[in-house]
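Residue-level structure breakdown
Chain by chain, the residues run as shown.
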Amino acid sequence: MKSADLLQAISEHRLYLDGKPEGRILNLKGAALAGSDLSKQRLQFARLSSVDLSHAILARSSFDNADLFGANLSGANLSQASLVGADLRGVNLRKANLQGADLERADLSPGQGVVFISGERRVRETPTDLTGANLRGARLAGAKASGADFSYASMLDADLSGAQLNKANLTGADLMRANFTGASLRAALLNNARVEEARFDGADLRRAELRNVDLSKASCQNVVLHDSGPAIEDEAFRLRLGQHIEWIVSNGARGSRLDLSGASLAGFNLSKADLSGAKLTDCDLSGADLRGAKLCLAQLDKASLRGCQLAGADLSGASLARADLAGAKLQNARLGPMAIRGADGRPSGRDWPTDLRGASLVKADLTGADLRSARLEGTDFTSADLTTADLRGSDYMSAILGGAKLTGASYDT
C-alpha cells in the first residue's frame, strides 16, 4: 500500500471513530506494512487481520478492540500501546517491544485457520507467539492467553491478575515482581522461570511444570498446586493396591491394574510396594517414600517425584518421560532395561528400556544407580550425583550433565 493511501485510510478511520458521516472503518487485512511508522495513531476497532507490521513503530497507538487475528507483529515497537480487548489470536509478537502496553482482556489464545493439504480441508491451530518479547510493566489483567508462548520473555512487574494462562509456555521467562493473583496456570510450563517477589496469591498452578523454580521466593497465599478431587485415602488405596497385586500375580486374569493418573499421593509411605505396571501418569508423588518399591514398567510420564525417596527402587523399563525427579534420592536404584517375557513366561530376548526423556533429575542422588540402556534424550542431570552409576548403553551424550558428579561412573566412550 502506498504511503498516501495509508494516510488517507487512517484519516477516514479517525472520522469513523468520531461518528462523522464521511468516515470509514480502517480495513488493512493482509496488507504489507513492515517497518511502517504508525505511532500515536487511533486504530480502535480497525480490521487488521493477517497484516504484516513486523518491525513497525506502533508506540503509544491504540488498537483497542481491533481485529489483529494472525497478524505479524514480530520485532514491532508497541511500547505504551493500548490493545484492550484486541483480538490477538495466533499473532506473531516474537521479540516485540510491549513495555508498558495495556492488553487487558485481550485474546491471545491460539488462532485457527483453514489450510488445504492435497485438496483436503484442514484446520490448523497457531499459538500466539511472544517468545523473547519485552512485556516489562505490561498489563494483561483478565487476558485470555491459554496456550500462548511467553518463553524467555521479560515480564518484570507485569500485571497478569485473573489472566487465563492454562498450558501457556513461560519457560525461562523473567517473572520477577509479576502479579499472577487469581490467574489460572493449569498445566503451564514455568521451568527455569525467575519468580522472585512474584505474586501467585490464589492462582491455580495444578499440573504446572516448575522445574528449577523456587516458589519460596514468591508470594503464594492460597495458591492451588495439587488436584484435591482425586486424592487417595489410605484405606481406598490399600484396597486398590490389593487388586493390583492380584492382577500382577495372575498375569492380568484377576484383579485390576492400578490406575491413579492425576491423583495425589504426596508424602505417602509406599516403601517396598509392588507398583509394577501401574499407570501413574501425571501423579503427584512428591516427597513419597518409595524405598525398595517395585515400579517395573510403570507409567510415570509427567509425574511429580520431587524429593522422593527411591533408594533401591526397581524402575526397570519404567516410562518417566518429562517426569520431575528434582532432588529425588535414587541411590542404587535400578533404571536399566526390563527383560520382556512371552505369554509362556519364557524370555523373549527383547528388553524394554527405561524412558527418562525430558525428565528433570536436577540435584538428584543417583549414586550407584543402574541406568544401562536408558533413554536420556534431554534428561536434565544438572548437579546430580552419578558417582559409580552405570550409564553403559544409554544415550547419555544427549542428556544435560552440567555440574553432574560422574566419579567412578561406567559409560561407553
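Definitions and limits used
Residues numbered from 1 in each chain as written. Predicted model: local features only at pLDDT ≥ 70, side-chain atom pairs only at ≥ 80, totals over all residues. Heavy atoms only, no water. Helix = DSSP H or I, 4+ residues; strand = E, 2+ residues; numbered from the N terminus. Buried < 20%, exposed > 50% of the residue type's maximum accessible area, 1.4 Å probe, protein only. Lys, Arg positive; Asp, Glu negative; His and termini not counted. Charge placed at Lys NZ, Arg CZ, Asp CG, Glu CD. Expected span 1.5 Å × (residues − 1). Arc of directions from axis to C-beta. pLDDT = per-residue confidence, 0-100. Phe/Tyr/Trp six-rings, centres within 6.5 Å; stacked < 30°, edge-to-face > 60°. Salt bridge = Lys/Arg side-chain N within 4 Å of Asp/Glu carboxyl O. Core = buried A, V, L, I, M, F, W, Y, C linked by side-chain atoms within 4.5 Å. Contact = heavy atoms within 4.5 Å. Disulfide = S-S within 2.5 Å. Polar contact = N/O pair within 3.5 Å; in protein donor to acceptor, adjacent residues only side chain to side chain.

1. Let's talk about the overall build of the chain
In terms of regular secondary structure, the chain is built from two helices and four strands. Traced from its N-terminal end to its C-terminal end, the chain shows the element sequence α-β-β-α-β-β. With the C-alpha coordinates aligned to their principal axes, the bounding extent of the chain is approximately 85 × 50 × 45 Å. Looking at the chain residue by residue over its 413 residues, the buried ones come to 48%. Both charge centroids of the chain, one from 50 positive and one from 49 negative side chains, sit 2 Å from each other.

2. Side note on helix α1 (residues 3–17)
For α1, spanning 15 residues, the distance from its first C-alpha to its last is 21 Å, which sits close to the expected 21 Å at 1.5 Å a residue. Considered for burial, the residues of α1 that qualify are Leu6, Ala9, Ile10, Glu12 and His13. Buried positions in α1, seen along its axis, are confined to an arc of 160 degrees and lie on one side of it. Residues of α1 that are exposed and point over 90 degrees away from its buried face: Ser3, Ala4 and Leu7. Phi turns positive, to about 75 degrees, at Gly19, one or two residues after α1.

3. Describing the confidence of the model for the chain
Averaged over all residues, the pLDDT of the chain equals 89, while 93% of them reach at least 70. Across the chain, α1 holds the top mean pLDDT of 91, while strand β1 (residues 111–117) sits lowest at 61.

4. Examining the packing of aromatic side chains
In total, this model carries two aromatic pairs according to the counting rule given. Where Phe180 meets Phe200, the ring centres are 5.0 Å apart and the plane angle is 5 degrees; that geometry is what we call stacked. Of this pair, Phe180 sits in the loop between β2 (120–126) and α2 (234–249) while Phe200 sits in the loop between β2 and α2, and the two are 20 residues apart along the sequence. Assessed through its relative accessible area of 0%, Phe200 is described here as buried. Plain terms: the ring middles of Tyr396 and Tyr411 are 5.3 Å apart, the flat faces sit at 55 degrees to each other, and that makes the pair tilted. Here the residue Tyr396 occupies a position in the segment after β4 (347–352), and Tyr411 occupies one in the segment after β4, the gap between them amounting to 15 residues.

5. As for the pattern of salt bridges
Evaluation of the coordinates by the stated rule reveals 22 salt bridges. Here Asp87 and Arg89 are joined by a salt bridge, their closest N and O atoms 2.8 Å apart. A relative accessible area of 29% places Arg89 in the partly exposed class. Taking the shortest distance from any N to any O, the salt bridge between Asp129 and Arg94 comes out at 3.3 Å.

6. Looking at the nonpolar core
Counting residues in hydrophobic clusters, the biggest one holds 71 residues, and the most contacted among them are Phe150 and Phe200. The contact partners of Phe200, leaving out residues within four places of it in the chain, are Phe180, Leu185, Leu190, Val195, Leu205, Leu215, Ala218, Ser219, Cys220, Gln221 and Val223. Core analysis: the second largest hydrophobic core is formed by 51 residues, Leu270, Leu376, Tyr396 and Ala399 among them.

7. Describing the state of the cysteines
Applying the stated criterion across every chain yields a total of zero disulfides. Of all cysteine sulfurs, the one in Cys308 lies closest to Cys283, which takes part in no disulfide; the gap is 9.6 Å. We classify Cys283 as buried; its relative accessible area is 1%. For Cys308, a relative accessible area of 0% corresponds to the buried category.

8. Observations concerning the side chain of Ser74
Note on placement: Ser74 falls in the loop between α1 and β1. You can call Ser74 buried: its relative accessible area is 15%. Engagement of the side chain of Ser74 in a polar contact is seen with the side chain of Asn72, the distance being 2.9 Å. What Ser74 contacts, discounting residues up to four positions off in sequence, is Ser54, His55, Asn92, Leu93 and Arg94.

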